[in-house]
Amino acid sequence: MFRCYICNEKITTDMDTIGIQCENCGGRVFYKDRPNVKKELKAR
Ligand SMILES: [Zn+2]
């Protein structure tokens with residue numbers, strides 16, 4: 001799952017496609033949206 005870096009819209013286009021754009025704002029910068037990224041680090 002990817003999200004637009006600018007408007008946070010979900011990107012439904014296949015990321016393998018070259019030259020995809022955000023359908024909402026036309027942005028070309030995306031980031032990976034990972035649902036469970038919570039990492040708990042226990043400091044000692
Ligand atoms: Zn966008």
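For the structure itself, consult the block above.
These numbers come from a predicted model, not from an experiment.

A. Region of the structure containing the coordination of the zinc ion. Protein coordination of the zinc ion is provided by Cys4 (SG), Cys7 (SG), Cys22 (SG) and Cys25 (SG), with donor distances spanning 2.2 to 2.4 Å. Here the donor residues of the zinc ion are spaced in sequence according to C-x2-C-x14-C-x2-C. Taken together, the residues Cys7 in the loop between β1 (2-4) and β2 (10-11) and Cys22 in the loop between β2 and β3 (30-32) connect sequence positions 15 residues apart. Residue classification places Cys7 among the partly exposed positions, given a relative accessible area of 26%.

B. Broad picture of the pattern of salt bridges. Counted under the stated rule, the structure contains 1 salt bridge. Here Asp33 and Arg3 are joined by a salt bridge, their closest N and O atoms 2.7 Å apart. Pair noted here: Asp33 is in the segment after β3 and Arg3 is in strand β1, with a separation of 30 residues, a long-range link. A relative accessible area of 25% means that Asp33 is categorised as partly exposed.

C. Representation of the sheet that holds β3 within the structure. Spatially, the 3 strands line up as an open sheet ordered β2-β1-β3, and their pairing is antiparallel. Across the chains shown, the open sheet's two edge strands, defined by having one partner strand only, are β2 and β3. Pairing of β1 with β2, which is carried by 2 bridges, proceeds in the antiparallel orientation. Residue Phe2 lies in a different strand from β2, and its bridge partner there is Ile11.

D. Region of the structure containing the nonpolar core. Counting 5 residues, the largest nonpolar core is built from Cys4, Ile11, Ile20, Cys22 and Phe30. Those residues in contact with Phe30 that sit more than four places away from it in its chain are Phe2, Arg3, Cys4, Tyr5, Ile11, Met15, Ile20, Gln21 and Cys22.

E. Up close: a nonpolar patch on the surface. On the surface, Tyr5, Ile6 and Val29 cluster together into a nonpolar patch covering about 340 Å² of accessible area. As for its position among the elements, Tyr5 is in the loop between β1 and β2.

What counts, and where the lines are drawn
- Residues numbered from 1 in each chain as written.
- Predicted model: local features only at pLDDT ≥ 70, side-chain atom pairs only at ≥ 80, totals over all residues.
- Heavy atoms only, no water.
- Donors = N, O, S within 2.8 Å, 3.2 Å for Na, K, Ca; no water.
- Helix = DSSP H or I, 4+ residues; strand = E, 2+ residues; numbered from the N terminus.
- Buried < 20%, exposed > 50% of the residue type's maximum accessible area, 1.4 Å probe, protein only.
- Salt bridge = Lys/Arg side-chain N within 4 Å of Asp/Glu carboxyl O.
- Pairing = 2+ DSSP bridges.
- Core = buried A, V, L, I, M, F, W, Y, C linked by side-chain atoms within 4.5 Å.
- Contact = heavy atoms within 4.5 Å.
- Patch = residues over 30% accessible without salt bridge, like charges linked within 9 Å, V, L, I, M, F, W, Y side chains within 5 Å.
- Areas by Shrake-Rupley, 256 points an atom, 1.4 Å probe, with all protein chains shown as cover.

Remember that the coordinates give geometry; whether it matters functionally is a separate question.
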